[in-house]
2 protein chains.
Amino acid sequence: MKLDFAQVFKALGDERRIRLLNLFLQSGKKICVCEMVDALRIPQYQVSKHLKVLRNLDLVKTTREGLWVYYEANWESSECVSDLFKVIKKHFQERFNEDLQRLDERLSLREGDSCVIGYSIYEKENES
Amino acid sequence: MKLDFAQVFKALGDERRIRLLNLFLQSGKKICVCEMVDALRIPQYQVSKHLKVLRNLDLVKTTREGLWVYYEANWESSECVSDLFKVIKKHFQERFNEDLQRLDERLSLREGDSCVIGYSIYEKENES
DNA sequence: CTCCTATATGCTTATATGCGAATATAAGCA
DNA sequence: TGCTTATATTCGCATATAAGCATATAGGAG
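What comes next concerns the included structure. Keep in mind the model is a prediction, meaning the values are calculated, not measured.

Each helix and strand in chain A was counted, giving seven helices and three strands. Ordered by position in the sequence, the α and β elements of chain A form the string α-α-β-α-α-β-β-α-α-α. Across its three principal directions, the C-alpha atoms of chain A cover 50 × 30 × 25 Å. Within chain A, the proportion of its 128 residues that are buried is 48%. Sequence-distant contacts, at least 24 apart, represent 65% of the contacts inside chain A between residues at least 6 apart. For chain A, the accessible area works out to roughly 7000 Å², and carbon and sulfur atoms hold 46% of it. Positive and negative side-chain charges of chain A, numbering 21 and 21 respectively, have mean locations separated by a distance of 5 Å.

Next up on the list: the sheet that holds strand 2 (residues 60–65) of chain B. Residues and elements named next belong to chain B. If you walk across this open sheet you meet the three strands as 1-3-2, and the pairing is antiparallel. Single-partner strands in this sheet number two, and they are strand 1 (31–32) and strand 2. In the sheet, strand 1 pairs with strand 3 (residues 68–73) via two bridges, with the strands oriented antiparallel. Within strand 3, the residue paired with I31 across the bridge is Y71. Together, strand 1, strand 2 and strand 3 form the strand contacts of helix 2 (residues 15–27), whose direction differs from that of strand 3 by roughly 75°. In the packing of helix 4 (residues 44–56) onto the sheet, contacts are made with strand 2 and strand 3, and the angle to strand 2 comes to roughly 120°.

This part takes up helix 1 (residues 5–12) of chain B. In terms of residue burial, helix 1 of chain B counts as a mostly covered element, since six of its eight residues are buried. Considered for burial, the residues of helix 1 of chain B that qualify are F5, A6, V8, F9, A11 and L12 of chain B. As for helix 1 of chain B, its buried residues are in contact with helix 1 (5–12), helix 2 (15–27) and helix 5 (79–91) of chain A together with helix 2, helix 4 and helix 5 (79–91) of chain B. Sitting at the amino-terminal end of helix 1 of chain B is D4 of chain B, which places a side-chain oxygen 3.0 Å from the backbone nitrogen of A6 of chain B.

Glancing now at the state of the cysteines. By definition, a disulfide links the sulfur atoms of two cysteines through a covalent bond. Residues and elements named next belong to chain A. As enumerated under the stated definition, the model contains zero disulfides over all chains in all. The thiol of C32 is not disulfide-bonded; the next cysteine sulfur, from C34, is found 3.3 Å away. Given a relative accessible area of 0%, C32 falls into the buried group.

What follows covers the protein's contact with DNA strand D. Taken together, 23 residues lie around DNA strand D, and R16, Y45 and K49 of chain A together with Q44 and Y71 of chain B are the ones closest in. Of what DNA strand D places within 4 Å of the protein, 60% of the atoms are sugar or phosphate. Take Y45 of chain A: an N or O atom from its side chain is 3.4 Å from a phosphate oxygen of DNA strand D. Measuring from a phosphate oxygen of DNA strand D, one finds a backbone N or O atom of V33 of chain B at 3.4 Å. Broken down by secondary-structure element, the contributors of at least two residues to the surface near DNA strand D are helix 4 (44–56) of chain A together with helix 3 (33–40), helix 4 and strand 3 of chain B. Sorting elements by how many residues they give to the surface near DNA strand D places helix 4 of chain B first, with six residues. Across the surface near DNA strand D, the residue classes break down as twelve nonpolar, five polar and six charged.

Of the transformation superimposing chain A on chain B, the axial component is 0.0 Å and the angular component is 180°, with the fit at an RMSD of 0.0 Å. Those values place the two copies in the arrangement expected of a two-fold rotation axis. When the interface residues of chain A are mapped onto chain B, 100% of them again fall at the interface, so both copies present the same face.

What follows concerns the packing of helix 3 (residues 33–40) of chain A against helix 4 of chain A. Residue and element names in this part refer to chain A. Packing of helix 3 against helix 4 brings their axes to within 9 Å, and their N-to-C directions diverge by 110°. Taken together, the axes of helix 3 and helix 4 lie roughly perpendicular to each other. As helix 3 runs across helix 4, the sense of the crossing is right-handed. Facing helix 3, whose interface residues are V33, M36 and V37, helix 4 presents Q44, V47, S48 and L51. Considered class by class, the residues forming the contact of helix 3 with helix 4 number five nonpolar, two polar and no charged.

A word on the nonpolar core. Counting residues in hydrophobic clusters, the biggest one holds 76 residues, and the most contacted among them are L23, F24, M36 and L51 of chain A together with L23, F24 and M36 of chain B. When near neighbours in sequence (up to four residues on either side) are disregarded, M36 of chain B contacts L20, L23, F24, I31, R41, V47, L51 and Y71 of chain B.

Here is what the cut-offs are and how they apply
- Residues numbered from 1 in each chain as written.
- Chains lettered and ligands numbered in written order.
- Predicted model: local features only at pLDDT ≥ 70, side-chain atom pairs only at ≥ 80, totals over all residues.
- Heavy atoms only, no water.
- Helix = DSSP H or I, 4+ residues; strand = E, 2+ residues; numbered from the N terminus.
- Buried < 20%, exposed > 50% of the residue type's maximum accessible area, 1.4 Å probe, protein only.
- Contact = heavy atoms within 4.5 Å.
- Areas by Shrake-Rupley, 256 points an atom, 1.4 Å probe, with all protein chains shown as cover.
- Lys, Arg positive; Asp, Glu negative; His and termini not counted.
- Charge placed at Lys NZ, Arg CZ, Asp CG, Glu CD.
- Pairing = 2+ DSSP bridges.
- Axes fitted to C-alpha atoms, helices over the stretch in contact; angles between N-to-C directions.
- Polar contact = N/O pair within 3.5 Å; in protein donor to acceptor, adjacent residues only side chain to side chain.
- Disulfide = S-S within 2.5 Å.
- Near = heavy atom within 4 Å.
- Nonpolar A, V, L, I, M, F, W, Y, C, P; charged D, E, K, R; others polar.
- Least-squares fit on C-alpha atoms with pLDDT ≥ 70 in both.
- Parallel < 35°, antiparallel > 145°, perpendicular 65-115°, else oblique.
- Left-handed = near helix turned anticlockwise from the far one by under 90°.
- Core = buried A, V, L, I, M, F, W, Y, C linked by side-chain atoms within 4.5 Å.

So this is what it looks like as structure tokens:
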């Protein structure tokens, strides 16, 4: 499986994909799709589509737990990719800080290490 | 001037732009457009177009000497970009080795540090 | 089996990006 | 000035990519 690095750069050439990857790199955690939707404030179908691009290039790993699918950065892909990850991790922390803040809020609602609320918070948002 | 890094990755998401940048990074030299045309074996107008993308993002610097315009990597752009350059320099040496070989052949035709032959070698190629 | 929820994918339309040919610009020289 | 060469840009066309909506899939609970 010979990796085409132009493809990797092209994948990172979309702001939302970088923001997704940045969530994984900065938090170091497995994050589920509905949590990403909250952190990035973009529709679920967009998150899934962009995750597919990252998955096809082996930049992320997935774990399914019941209905929830958790994503994390894949540091075992290749040395070049993990060197790239280090650069992003080093320089993008403050660049997308708002995403990380919203992620933290959302992660605080977990029970143990698991997401339990899905999209139910959106129903509450109608109150405001 | 706030740099959009998704744009930088998008610029590197084209194989020919990476190959151009790789020429600068591996050789460490200023290279003129007609030499790039020979090294990458793509038309001159494509080289100029791709160089424009790199120039607009401040990834390369230019020097004009008479008719010839020399390009080189711009290491002063930002720390993040120069960290990216280091990753590319480290991992792409053998990946585009043929470009570098052709560049070396072409650079050996310089007089001093200057390109002097332009596109005249193409006229000789009709013999073969 | 049926219903519900989280995630993934098709499909259609709009937008953007690519190429190649021709041409413009800019500098040197006669 | 006018000619030549190196480099840059413009234009029209084909193709690719993005957004939004609807729907499909997959797993859990009753």
